[in-house]
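Residue-level structural notes
One-letter residues, chain by chain:
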Amino acid sequence: MESLELIKIPDVEKSNEVAQEEVSGKYSRNEFFFSIIMATYNVDRYIDEAMDSLIKQQLNFEKNVQVIIVNDGSSDKSLEKAEAWKEKYPNNIVVIDQENSGVSVARNAGIEVAKGKYINFLDPDDMLDDGVLLRVKWFFMKHPDIKISHIPLYTFEAKSEPHNLNKYFDKDEEIVDIAKTSKKIFAHISSSFFLRTLFADTSLRFEVGRKYGEDFALVAKLVEQEKKFALINNFFYRYRARSAGDSAMDSSRSDSATYIPNIKMMLELARTHEKDGRIDKWLQNMLVYDLAWKVRRQELPFEGSAEFYTEYLDLVSELLQYIDENEIRAVGHLRWVQKEALVHLKNSGDLPLQDKAVGLPVCLKDDVHLINGEKTYYLSNVISKVYVFKYRPETNSINIIGTIDHLFGKEFLNVTATDGKQIFVSEELDEPARVKMIGLPVHSMYTYSFSIPIKSLTDSKYLQIQINFKKVRIPLKIEFGGILVGVGNNIKFNYLWANQKLLRFNFNDNYFEVRDNNLENLSRFENDLTAKFISSKGMTQARKERLLYLRKLALKSKTSNKIINIFEDRANKADDNAEVFYKYINERHPEWENYFVLNRDSSDWDRLEQENYRLVEYGSEEHEELLIQAQNLISSQASLTEMRPWQENFGYLRDAYHYNFIFLQHGVTKQDLSLWLRKIEKDIRLLVTVSEQEQQGFFGYGYEYGPEEVKVTGFPRFDRFKVDYSISKNQGNILIAPTWRNGIWNDKDKLEDKIKKLHDTEFYQKWEDFLKSDYLKELIEQGHTISLMLHPLLREVETGFEVPKYIEKVPFEQRYVNVLKKADLLITDYSSIYFDIAYQGKPTLYFQFDGGNTNNKEGYFDFQEMGFGPVCDDFNKVIFELSRIIKNNYQMTDLYKNRVLDFFRYTDTKNSNRLENELTKMINKMLLVRKETSINYSEQSIDQIYQETKIQRDGFLSSVYKKLRKYVKQKASEGSVSYNLALKIYRRVV
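Residues numbered from 1 in each chain as written. Predicted model: local features only at pLDDT ≥ 70, side-chain atom pairs only at ≥ 80, totals over all residues. Heavy atoms only, no water.

**What to know about the overall build of the protein**
Counted only if it meets this: Helix and strand assignments come from DSSP, with helices taken as H or I runs of at least 4 residues and strands as E runs of at least 2, each series counted from the N terminus. For this measure, only C-alpha atoms enter the radius of gyration; the expected value for a globule follows 2.2 Å times N^0.38, where N is the number of residues. Burial classification: accessible surface area is computed with a 1.4 Å probe over protein chains only, and a residue below 20% of its type maximum counts as buried, one above 50% as exposed, and the rest as partly exposed. We call two residues in contact when some of their heavy atoms are within 4.5 Å. Charged-residue counts in this description rest on Lys and Arg as positive and Asp and Glu as negative, His and the chain ends being excluded. All charge positions are set by atom: Lys at NZ, Arg at CZ, Asp at CG, Glu at CD.
In terms of helices and strands, the protein carries 35 helices and 41 strands. The C-alpha atoms of the protein give 33 Å as radius of gyration, which agrees with the globular expectation for 990 residues (30 Å, within 12%). If you line up the protein on its principal axes, its C-alpha atoms span 95 × 80 × 60 Å. The buried share of the protein, taken over its 990 residues, is 59%. The long-range fraction of contacts in the protein, counting pairs at least 24 apart against all pairs at least 6 apart in sequence, stands at 75%. Each charge class in the protein can be summarised by its mean position, and for the 137 positive and 148 negative side chains these summaries are 6 Å apart.

As structure tokens, this is what we get:
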């Protein structure tokens, strides 16, 4: 986000001397308007950027700004860089060099030599927008009675977004009086400006000896003393969220020594300001805001002992006695469950853990009340989101999967369904605690799954889901969630084809209607839905006809025994598991209709066309028509690009799609990807894995899959590899393949901005240093070859990588299989292609200088214990291990050979065959069910349903239809005389 252009302000460019006389008599002692104090410790990578941001300010730098750089015992080149800047600007830059004593001592030292009227404590890895100082100067000249001001923050590098504190900046400028406004208090000292006399004329200083949070108590004292401060909007403090996660703030969140001292400091503040057991609202806000950042951590980066948790939670509970419940519930950066957990901790002294109720449940005759402090929750108000509502043709059953986000706990809760005669009991799916506080699990959603045989609904008219708490049983309110669920909350007329039955959710009465699958009911359900878009004025007639045609195709395919399989890798590139498996299946099952989807302009199109693949252009009408008829979507990718390529009017078609999703995977899953791949998100019917460890990983972590869905067959693309551990080479082909990092740039950024942000990252700098190393150049001279293959998500910034000419850049168009076969050694950080390399018996070297993508969650795979090569965290180790591998003639050592054999269940070329067996079993089960139980409609019967659906309506009939519909909805009950009359007219109109 760029700075706003500075509005020209009259008189702000007056000389310092004139401004000083206007503002204050004491101000004549000041030589500068600003003193910027930078406490510096091992930031040589960033200090130049910070200084550049000061020099580029829209005022005279040398006259207005004094910069005080306090080197706090840095072991890098921070002092050297500071001295270089002082040499350039000797009159207004001061450098202080001290032994490492902490940021408080460093800042205090800067205060002592400050000569500016106003002081700012810029962190040397951050920056100021170009117009900040001029804007702040103008404000203080206009408001000399205000001694403190704050500006908003915007993060950059690892993530680019407005800071949470920016919600307080809702005006161009505002003077906050804490007696009137208590909600806009915060303690971010670096984005603040202070009148120097607040320090010079008092003993107020940063507390020495505190490792982190040293500014909190100081800001509290200053705010209490002054009562007023300013918020100046639109010019930003640029806060670096380091990709490496090694800033002081990052360290404070991972250091066990900060938690208890910080909470004690806050308690001391509360006690100092206590009046009759209460503290002012402004201090409550400060305390709970800072506390929330600590307790919201999902995981602690250290092992918290029982003694630690007992002491820390006791202190938090004591602090919360000074904070009102409404202030806790108003915190913006806590989830609602975390807020309620804090309220429970305040009132009970205990943090509720995972399966326990957050509050006190009280069972009444027809409801359950959950009392948590001043707030009461009701079981009757609990809402469940249904993510899966599908017919399973291979088992002839209905599968309903939903979640309940609630505070009632799991100990006494379960979910059932009833048709008035029978009770169907759901299975509770394993769901980990996705909400934690300081690493302790406080909440997990209740996830339930029904598998209801169609034959058990023979005489059923409805199906209602119920929530039960002890002996209290009440209807569970249902909404539909997820982007792939077959029912839309807006359309309301989607229905489920379930062989002999049709099911549709009645949104008014909160139950599923169950009807026999006959032409009359099918026509009614279909016409109710199509009437929604036929009457739409915002849709063209051509689009209406297209939707009708697609729905008709889907309906015909549901009554057919024809098998349509859609295969797809990436939309723009094949050469993965789907390509290999397509070829295998197409040769062995000509009775199935098999199609491969790909962009026509893909470099793989002509190749596959020559190999007689049955190609379908991605995104074409043919693609849409085939996918809506398909029984199976078989893909190595699991994004909406493959599963729901068309967004337009999807609500009218969501119940028409009925394929089983078979996920071949692009790479071996080694981390916890459950939030992306879990059943309620992707509903994978067959998930392909390569090892028992990977399979077991999908049974845990809340993926919600079982042994019938996750199979160990091996990847089809592995069939192209020859496994040979005996190959020995004096000169080899080294493949360097770093993966990507999320959050470096925004999608809307221009290419040059993306490249600039890339260059600012540790990720780029580490790999660039390695690629340009003298050792790699020496290897080339010795006859080795080196190739760089960038991850597909880095292709758009490929030009930003400065690659030496002697290193070959692998073109995006080149086939992966050829690149991986050619490679004798892989050097990567986290790219999953190391499994492909290991499968061939070739060595891998891991260069892991950081933790990878910031949203990666640890899974079952431990690189140190299970990896197929050495793990290195710095440049020198990589060079050392690389030289060892080369000396060993590119052969795997026995340690890593055994790890490969232990990990992969199969190391042969029969992976496609095993997968074919699983697919064939699934299809044969489906065909058997269809043969025994299917409702068969002729194509003519289905055509008749849609012929009766007229696109054109005259105004009168449309008006009658709308009035009847409104009347029926409000007054008539099903089966009544008025309902039957309305039904007849409705059908005439439709």
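**Things to note about the pattern of salt bridges**
Definition in use: Counted as salt bridges are all cases of a side-chain nitrogen of Lys or Arg within 4 Å of a carboxyl oxygen of Asp or Glu.
One pass over the full model with this rule turns up 69 salt bridges. Note that lysine 390 and aspartate 683 form a salt bridge whose closest N and O atoms lie 3.8 Å from each other. You can see lysine 390 sitting in strand β15 (residues 383-392) and its partner aspartate 683 sitting in the loop between α22 (679-682) and β34 (684-689), a full 293 residues away along the chain. Of the charged contacts in the structure, one is a salt bridge between lysine 772 and glutamate 802, with a shortest N-O distance of 2.8 Å. Here the residue lysine 772 occupies a position in the loop between α25 (762-771) and α26 (774-781), and glutamate 802 occupies one in the loop between β37 (785-788) and β38 (808-809), the gap between them amounting to 30 residues. Taking the relative accessible area as the measure of exposure, lysine 772 reaches 40% and is therefore partly exposed. Salt bridges linked by common partners bring Asp575, Glu579, Asp604, Arg607, Glu611, Arg720 and Arg815 together as one network.

**Considerations on the domain arrangement of the protein**
What counts is decided by this rule: Domain start and end points were adopted from an automatic or database domain assignment.
Each domain of the protein was delimited in the assignment, giving domain 1 (32-244), domain 2 (255-334), domain 3 (368-518), domain 4 (543-699), domain 5 (726-908) and domain 6 (939-989). Taking only C-alpha atoms into account, the centre of domain 2 sits 50 Å from that of domain 4.

**Some details on the environment of methionine 866**
Turning to its location among the elements, methionine 866 is positioned in helix α29 (residues 863-866). For the pair methionine 866 and arginine 899, spaced 33 residues apart in the sequence, the C-alpha separation amounts to 6.4 Å. Not counting the four nearest positions on each side in its chain, methionine 866 is found in contact with Gln693, Tyr860, Phe861, Arg899 and Phe903.

**Some remarks on the sheet that holds strand β10 (residues 228-232)**
Rule in force here: At least two bridges found by DSSP between two strands is the condition for calling them paired. Orientation is described by axes fitted as lines to C-alpha atoms, over the contacting stretch for helices, and by angles from 0 to 180 degrees between their N-to-C directions.
In spatial order, the strands read β3-β2-β1-β4-β9-β6-β10-β8; together these eight strands make up an open sheet with mixed pairing. The sheet is open, and its two edges are formed by β3 (93-98) and β8 (173-177), each paired on a single side. Strand-to-strand twist of the sheet, defined as the mean angle between neighbouring strand axes without regard to direction, takes the value 25 degrees. As paired strands, strand β1 (residues 32-40) and strand β4 (residues 116-120) are joined by four bridges and run parallel to one another. Across the sheet, phenylalanine 34 pairs through a bridge with tyrosine 118, a residue of β4. Across the sheet, helix α5 (residues 103-113) is in contact with β1, β2 (65-72) and β3; its angle to β2 comes to roughly 145 degrees. Of the strands in this sheet, β1, β2, β4, β6 (148-150), β8, β9 (192-195) and β10 touch helix α6 (residues 132-142), which is tilted by about 130 degrees from β1.

**A look at unusual backbone geometry**
Most of the time, phi is negative for any residue but glycine, and the peptide bond is trans. The phi angle at aspartate 276 is positive, at roughly 55 degrees, despite the residue not being glycine. Mapping aspartate 276 onto the fold places it in the loop between α10 (259-272) and α11 (281-295). The exposure class assigned to aspartate 276 is exposed, which follows from its relative accessible area of 82%. For aspartate 575, which is not glycine, the phi torsion reads 70 degrees and is therefore positive. By the secondary structure assignment, aspartate 575 is in the loop between β29 (564-568) and α17 (577-588). Taking relative accessible area as the criterion, aspartate 575 reaches 1% and is therefore assigned buried.

**Description of the environment of alanine 106**
Tracing the backbone through its elements, the reader meets alanine 106 in helix α5. As a C-alpha pair, alanine 106 and leucine 673 span 567 residues in sequence and 43 Å in three-dimensional space.

**Description of the pairing of β4**
The element β4 is largely enclosed, with a buried count of five among its five residues. Here β4 pairs with β9 via three bridges, running antiparallel. Looking at β9, one finds that tyrosine 118 is bridged to leucine 195.

**Some words on the sheet that holds strand β36 (residues 733-736)**
Judged by pairing direction, the sheet is parallel, and its six strands sit side by side in the order β38-β37-β36-β39-β40-β41 without closing on themselves. The sheet terminates laterally at β38 and β41 (871-872), the two strands that pair on one side only. Alignment of strand β39 (residues 825-828) against strand β40 (residues 844-847), held across three bridges, turns out to be parallel. Across the sheet, residue isoleucine 827 finds its bridge partner in β40, namely leucine 845.

**Let's talk about the packing of aromatic side chains**
Inclusion rule: What counts as a ring pair is set by centres within 6.5 Å for rings of Phe, Tyr and Trp (its six-membered ring), and what kind of pair is set by the plane angle: stacked under 30 degrees, edge-to-face over 60, tilted for all other angles.
Tallied over the entire structure, the rule returns 72 aromatic pairs. Between tyrosine 495 and phenylalanine 525, the aromatic rings sit 5.6 Å apart at their centres with planes inclined by 65 degrees, giving edge-to-face as the arrangement. Of this pair, tyrosine 495 sits in strand β26 (residues 495-498) while phenylalanine 525 sits in helix α15 (residues 519-534), and the two are 30 residues apart along the sequence. A single burial state applies to tyrosine 495 and to phenylalanine 525, both of which are buried. Ring geometry for phenylalanine 847 and phenylalanine 849: centres 5.1 Å apart, planes at 70 degrees, overall edge-to-face. Assessed through its relative accessible area of 1%, phenylalanine 847 is described here as buried.

**Looking at the packing of α26 against helix α30 (residues 875-887)**
We count it as follows: Roughly parallel covers angles under 35 degrees, roughly antiparallel covers those over 145, roughly perpendicular covers 65 to 115, and oblique covers all other angles. Crossing handedness is defined as follows: a turn of the near helix away from the far one that is anticlockwise and smaller than a right angle gives a left-handed crossing, while the clockwise case is right-handed. Each residue is assigned to one of three groups, with Ala, Val, Leu, Ile, Met, Phe, Trp, Tyr, Cys and Pro labelled nonpolar, Asp, Glu, Lys and Arg labelled charged, and all others, Gly among them, labelled polar.
One way to put it is that α26 packs onto α30 with a least axis distance of 11 Å and a crossing angle of 20 degrees. One finds that α26 runs roughly parallel with respect to α30. Considering the relative orientation of α26 and α30, their crossing is left-handed. Residues Tyr775, Leu776 and Leu779 of α26 lie in contact with α30, whose contacting residues are Ile879, Leu882, Ser883 and Ile886. Taken together, the residues of the contact of α26 with α30 break down into six nonpolar, one polar and no charged.

**A closer look at the confidence of the model for the protein**
For clarity, the threshold we go by: The pLDDT value tells you how sure the predictor is about a given residue, anywhere from 0 up to 100.
Here the protein averages 90 in pLDDT, while 91% of its residues score no lower than 70. Confidence drops under pLDDT 50 across residues 244-251; counting only partners more than four residues distant or on other chains, this segment forms 10 contacts. In the model, residues 951-957 has pLDDT below 50 throughout and makes 12 contacts with residues more than four positions away in sequence or in other chains.

**Description of a nonpolar patch on the surface**
The condition is simple: Only residues whose relative accessible area exceeds 30% and that form no salt bridge are eligible for patches; like-charged ones are grouped when within 9 Å, while nonpolar side chains (Val, Leu, Ile, Met, Phe, Trp, Tyr) are grouped when within 5 Å. Method for areas: the Shrake-Rupley scheme with a 1.4 Å probe, in which residue coverage is limited to the protein chains shown.
A grouping of Leu360, Val362, Leu364 and Ile371 is seen on the molecular surface, where their side chains present a nonpolar patch of about 310 Å² in accessible area. Topologically, isoleucine 371 is positioned in strand β13 (residues 368-372). Given a relative accessible area of 36%, isoleucine 371 falls into the partly exposed group.

**Thoughts on the nonpolar core**
For the record, the criterion: Throughout this description, the term nonpolar core refers to a set of buried Ala, Val, Leu, Ile, Met, Phe, Trp, Tyr and Cys residues connected via side-chain atoms within 4.5 Å.
Formed by 160 residues in total, the largest nonpolar core has its most connected members in Tyr312, Phe389, Tyr448 and Ile465. Looking at this core element by element, the count peaks at nine residues for α11. When near neighbours in sequence (up to four residues on either side) are disregarded, phenylalanine 389 contacts Ile398, Asn399, Ile400, Val485, Val487, Leu496, Leu503 and Phe512. Grouped together as the second largest cluster of nonpolar side chains are 58 residues, Leu608, Tyr613, Val668 and Leu919 included.

**Topic: the pairing of β34**
Put simply, the test is: Throughout, right-handed denotes a crossover for which the path from the first strand over the helix to the second runs clockwise when the strands point away from the viewer.
Most of β34 is tucked away: six of the six residues are buried. Of the pairings in the sheet, the one linking strand β33 (residues 660-663) to β34 comprises three bridges and is parallel in character. Opposite phenylalanine 661, over in β34, you have isoleucine 684 as the bridge partner. Crossover β34 to strand β35 (residues 710-712) through helix α23 (residues 692-699) is right-handed.

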